[in-house]
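# Breakdown of the fold
One letter stands for each residue in the lines below.
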Amino acid sequence: MCVLLASGKAYAGYSLSNNSSPHFMGIPRLKMAADAPSRSSLKLDEAFGVFLTKEEQETRCRSGLNSVDLGACPGGWTYQLVRRGMMVAAIDNDPMTLN
Ligand SMILES: C[S@@+](CC[C@H](N)C(=O)[O-])C[C@H]1O[C@@H](n2cnc3c(N)ncnc32)[C@H](O)[C@@H]1O
C-alpha cells in the first residue's frame, strides 16, 4: 500500500503474509440482508467478525443478552443485534425504519 501525501512525499506500507487479513485488501465481503434497514448493519457485522473470536461472539453476542443502541436510526445496528437474538433498547429522536 502507498499513501501519497504531497509531491515527493509518500508513505509505503506492507504486511507479512502470515500476519495480515485473510480478506482481499483487508475487507471481508459481507452480503447485506434484503430486509436490513441500512448498510451500516454490515459495519457491526464486520466489527464482530474482526474484533471478537468465534468463542467471544458466542458468549458476548448471544440470544438473551441485553444491548443499548444510542442514536439508532435508521436501525442498521439494532437490526444486527436483533438478528443475533439480543434484546435492544434502541434510542433516537428520528424514526426507525421497521421491516
Ligand atoms: C449515523 S446515525 C446512526 C446509524 C445507526 N447506528 C444505524 O446503524 O443505522 C446517528 C443517529 O444519531 C441520532 N442522534 C444524534 N444525536 C441524538 C440525540 N441527542 N438524541 C437521540 N438521537 C440522536 C441521529 O438522529 C441519527 O439518527
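What you see is a predicted model; the values in this text were computed from it and never measured.

With that out of the way, let us pick up a nonpolar patch on the surface. Residues M1, V3, L5 and Y11 make up a contiguous nonpolar surface patch of roughly 460 Å² in combined accessible area. The residue Y11 is located in strand β2 (residues 9–12) in this model. Y11 gets classed as exposed once you look at its relative accessible area, which sits at 55%.

The next subject is the site of the ligand. Every residue close to the ligand is listed here: S38, S40, G71, A72, C73, P74, G75, G76, W77, D92, N93 and D94. Between the ligand and G75, the relevant distance is 3.2 Å, taken from an oxygen atom to a main-chain nitrogen or oxygen of the residue. One of the backbone N or O atoms of W77 is found 2.9 Å from an oxygen atom in the ligand. Contact with the protein chains hides 53% of the accessible area of the ligand, taken as 610 Å² for the molecule alone.

The next thing to look at is helix α1 (residues 40–51). Between its first and last C-alpha, α1 extends 17 Å over twelve residues, near the 16 Å set by a 1.5 Å rise per residue. Residues of α1 that are buried: S40, S41, L42, L44, D45 and F48. The elements touched by buried residues of α1 are α2 (54–60) and α3 (76–83).

Listed in full, the buried residues belonging to α3 are G76, T78, Y79, Q80 and L81. Buried residues in α3 make contact with α1, β3 (66–70) and β4 (87–91). Looking one or two places after α3, you find G85, whose phi comes out positive at around 85°.

Only one face of β3 is covered, namely the one carrying S67 and D69; the face carrying N66, V68 and L70 has none of its residues buried. Where β3 and β4 come together, five bridges link them in parallel fashion. Looking across to β4, one finds that D69 is bridged to A90. In terms of handedness, the path from β3 via α3 over to β4 forms a crossover that is right-handed.

A separate point is the pattern of salt bridges. Using the criterion set out here, one finds one salt bridge in the structure. When the shortest N-O distance is used, the salt bridge between R84 and D45 registers 2.8 Å. Taken together, the positions of R84 in the loop between α3 and β4 and D45 in helix α1 put the pair 39 residues apart, joining distant regions of the chain. Looking at D45, the relative accessible area reads 18%, which means it is buried.

Basis of the calculations
- Residues numbered from 1 in each chain as written.
- Predicted model: local features only at pLDDT ≥ 70, side-chain atom pairs only at ≥ 80, totals over all residues.
- Heavy atoms only, no water.
- Patch = residues over 30% accessible without salt bridge, like charges linked within 9 Å, V, L, I, M, F, W, Y side chains within 5 Å.
- Areas by Shrake-Rupley, 256 points an atom, 1.4 Å probe, with all protein chains shown as cover.
- Salt bridge = Lys/Arg side-chain N within 4 Å of Asp/Glu carboxyl O.
- Helix = DSSP H or I, 4+ residues; strand = E, 2+ residues; numbered from the N terminus.
- Buried < 20%, exposed > 50% of the residue type's maximum accessible area, 1.4 Å probe, protein only.
- Near = heavy atom within 4 Å.
- Polar contact = N/O pair within 3.5 Å; in protein donor to acceptor, adjacent residues only side chain to side chain.
- Expected span 1.5 Å × (residues − 1).
- Contact = heavy atoms within 4.5 Å.
- Pairing = 2+ DSSP bridges.
- Right-handed = clockwise from strand over helix to strand, strands pointing away.

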